[in-house]
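Here is how the chains run, residue by residue.
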Amino acid sequence: MKKYLSPILLIVAFAASARAQVQTVPGITAADIRQRLSILASDSLEGRRTGSPGADRAARYISSEFKRLKLSPKAGLYFQPFSFSEHALDSTKHEKTEARNVYAFIPGSDPILTGQYVILGAHYDHLGHGGPFALDSSKAIHYGADDNASGVAGLLEIAEDLARRQVRPKRTIIFIAFSGEEEGLFGSAHYVDDPLFPIESTQTMLNMDMIGRMSDSTLIVQGLGTSPVFRSLVDNLNAPKLNLKYFQTGTGPSDHAKFYAKNVPVLFFFTGFHPDYHRATDTKEKINAGGEATIAKYVESIALDLANRPDRIPFTRPVGDTEQKAASFGVYVGGVPDYGYDGEGLRISEVTENSPAEIAELKKGDVIVKFDDMPIKNIYDYTNALAKHKPGDMVYFTLQRNGSEIKLPVVLGRRKQAH
Ligand SMILES: [Zn+2]
Ligand SMILES: [Zn+2]
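Quick caveat, the model's predicted, so the values are computed rather than measured. (Residues numbered from 1 in each chain as written. Chains lettered and ligands numbered in written order. Predicted model: local features only at pLDDT ≥ 70, side-chain atom pairs only at ≥ 80, totals over all residues.)

Let us now look at the overall build of the chain. Across its full length, the chain carries 11 helices and 16 strands. Within the span of the chain, comprising 419 residues, buried residues form 48% of the whole. Long-range contacts, defined as pairs at least 24 residues apart, comprise 75% of the intrachain contacts of the chain with a sequence gap of at least 6. (Helix = DSSP H or I, 4+ residues; strand = E, 2+ residues; numbered from the N terminus. Buried ≥ 20, exposed ≤ 12 C-beta atoms within 10 Å, placed from the backbone. Contact = placed C-beta atoms within 7 Å.)

Printed below as a string of structure tokens:
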């Protein structure tokens, strides 16, 4: 005999499963991160392409979490709508894409410092079913588990943990899940042009984009040169003994760059590129949830320190970080830097299909030591060298490959993708 569930039982079962989706435990845990990824990087969210129903579902999930955690909205709303045109980038695209950032905040407890802000950000959009920013030609769902369901899961875990604390931070902490990032940082660009809280009182922006693939406890931290307080802060709070890779620059292809351009000190947390980057294979099974929980706790400790210290967070612009450099992301090579490489030069961890690097016959494992006549000691030198060029320029890379030095001409391409 077959068993049938009565309609009432079916409703109860459905309600229980809907509730189970939003049940998390106190604190920042690997289990909660896995659970959040199972929603954000699911089939039903279809790769969260900006403007798509999947992105809309992601936005509703994030806002419902903010609401459940009793975080404050502004004027009753957790959404900041905006629109942008992809047409200028790709003539086959719509003239107008409607999108929204999702945000909430914890008001500061100090009567004066409450008027100063610490922003935690992570973009929630990804590539949907592929398209011009994908590095494969697959039309399957591009789940973007690492890029950037991981960052959003971390953001929600930090929000949950801070919301449950008895003592509120002195400064106001704002959580923002950005949209339109993949098409060109449109959500963060909109935010800084039309901020919900004054940008000149925004003390810092901490960005998490791709924090789900930690290996060997390595975490890349960029933006250390954007405030004199950052270096000692990230070292002093490194209780989990992460192997930190430091970068001074505040620019880069993710949302923090838009805040940096408005003279806001920024820190960007990132576990590095991998062969699944911008491909349909960036799935949730490959996420190091334990490692991500460690990173989220670490980022939370930095946010709390910045929210509670009495003095303002001073802004500086690191040497070599010019406006021109920010524009340099128009130039594209397609050799993915190996951020874990410690030696001199820039090692290529992967060569993107059909990229200028592949056309020039660069190989995985090559170490770039010279860019024309400029010696390349690290990724910073490399980015500076790129900044001096425009798409279409021909340059010479001097490489170390299997113990010998070779020189290859490379025709620089035009960059399409953000993180
Ligand atoms: Zn991306
Ligand atoms: Zn990203």
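Additional details are given in the paragraphs that follow.
Generally, phi is negative for residues other than glycine and the peptide bonds are trans, each holding for most cases. Note the cis peptide between D147 and N148, where omega equals 0°. Relative to the helices and strands, N148 is located in helix α4 (residues 145-163). Even without being a glycine, K70 presents a positive backbone phi close to 60°. By the secondary structure assignment, K70 is in the loop between α3 (53-68) and β1 (79-84). Despite not being glycine, M210 shows a phi value in the positive range, around 70°. Judged by local crowding, M210 falls into the buried class, with 26 C-beta atoms found within 10 Å.

Take the packing of α4 against helix α8 (residues 289-308) next. Between α4 and α8, whose axes approach to 9 Å, the crossing angle comes to 55°. Put simply, α4 runs oblique to α8. For the pair α4 and α8, the crossing hand works out as right-handed. On α8, the residues touching S150, G154, E157, I158, D161 and L162 of α4 are E292, I295, A296, V299 and E300. When the residues that make up the contact of α4 with α8 are grouped by side-chain class, the tally is 5 nonpolar, 2 polar and 4 charged. (Axes fitted to C-alpha atoms, helices over the stretch in contact; angles between N-to-C directions. Parallel < 35°, antiparallel > 145°, perpendicular 65-115°, else oblique. Left-handed = near helix turned anticlockwise from the far one by under 90°. Nonpolar A, V, L, I, M, F, W, Y, C, P; charged D, E, K, R; others polar.)

The next thing to look at is the sheet that holds strand β4 (residues 172-178). Strand order across the open sheet formed by 8 strands is β1-β2-β4-β3-β5-β8-β6-β7, with mixed pairing between neighbours. Of all the strands in the sheet, the pair left with one neighbour each is β1 and β7 (243-247). For this sheet, the mean inter-axis angle between neighbouring strands, taken without regard to orientation, is 20°. Where strand β5 (residues 202-208) lies against strand β8 (residues 266-270), 4 bridges are found, and the strand directions are parallel. What sits directly across from M205, in β8, is V266. (Pairing = 2+ DSSP bridges.)

Attention shifts here to the confidence of the model for the chain. Scored by pLDDT, the chain comes out at a mean of 89, with 90% of its residues at no less than 70. Per-residue pLDDT stays below 50 along residues 1-20; that stretch engages in 2 contacts with residues further than four places along the chain or on separate chains. (pLDDT = per-residue confidence, 0-100.)

Structurally, the position occupied by R231 is in helix α6 (residues 230-236). On the basis of neighbour counts, which here come to 15 C-beta atoms within 10 Å, the residue R231 falls in the partly exposed class. Sequence separation of R231 and Q248 is 17 residues, and the distance between their C-alpha atoms is 9.4 Å.

Take the nonpolar core next. Counting 84 residues, the largest nonpolar core has I62, V152, L155, F269, V299 and A303 as the members making the most contacts within it. At 11 residues, the largest contribution of residues to this core is made by α8. If sequence neighbours within four positions are ignored, L155 has contacts with L120, A122, F175, A177 and M208. (Core = buried A, V, L, I, M, F, W, Y, C linked by C-beta atoms within 7 Å.)

A separate point is the packing of helix α2 (residues 30-40) against α4. Where α2 meets α4, the axes come as close as 9 Å, and the angle between the chain directions of the two elements is 130°. Judged by the angle between their axes, α2 and α4 are oblique. Remark: the crossing between α2 and α4 carries right-handed chirality. Together, D32, I33, R36, L37 and L40 of α2 and A145, A149, V152, A153, L156 and E157 of α4 make up the contact between the two elements. Each residue belonging to the contact of α2 with α4 can be placed in one class, and the counts come to 8 nonpolar, no polar and 3 charged.

Bringing α2 into the picture now. Note that an α-helix has 3.6 residues per turn; residues three or four places apart therefore point the same way. Listed in full, the buried residues belonging to α2 are D32, I33, R36, L37, I39 and L40. Projected onto a plane normal to the axis of α2, the buried residues spread over an arc of 160° and lie on a single side. (Arc of directions from axis to C-beta.)

Locating F268 in the fold gives a position in strand β8. Given 28 C-beta atoms within 10 Å, F268 falls into the buried group. Setting aside chain neighbours within four positions, we find F268 in contact with N207, D209, Q222, G223, G252, S254 and H256.

Once that is clear, we can look at the pairing of strand β2 (residues 97-106). Burial of β2 is extensive: 9 of the 10 residues sit out of reach of the surface. Looking at chain direction, β1 and β2 are connected through 6 bridges and run antiparallel. Its bridge partner being in β2, S83 is matched across the sheet by E98. Where β2 meets β4, 5 bridges bridge the pair, whose relative direction is antiparallel. Paired with I106 across the bridge in β4 is I173.

Burial of β8 is extensive: 5 of the 5 residues sit out of reach of the surface. Alternating residues of β8 divide into V266, F268 and F270 and L267 and F269, and every residue in both groups is buried. Of the pairings in the sheet, the one linking strand β6 (residues 218-222) to β8 comprises 3 bridges and is antiparallel in character. Residue pairing for β8: V221 is matched across the bridge by F269.

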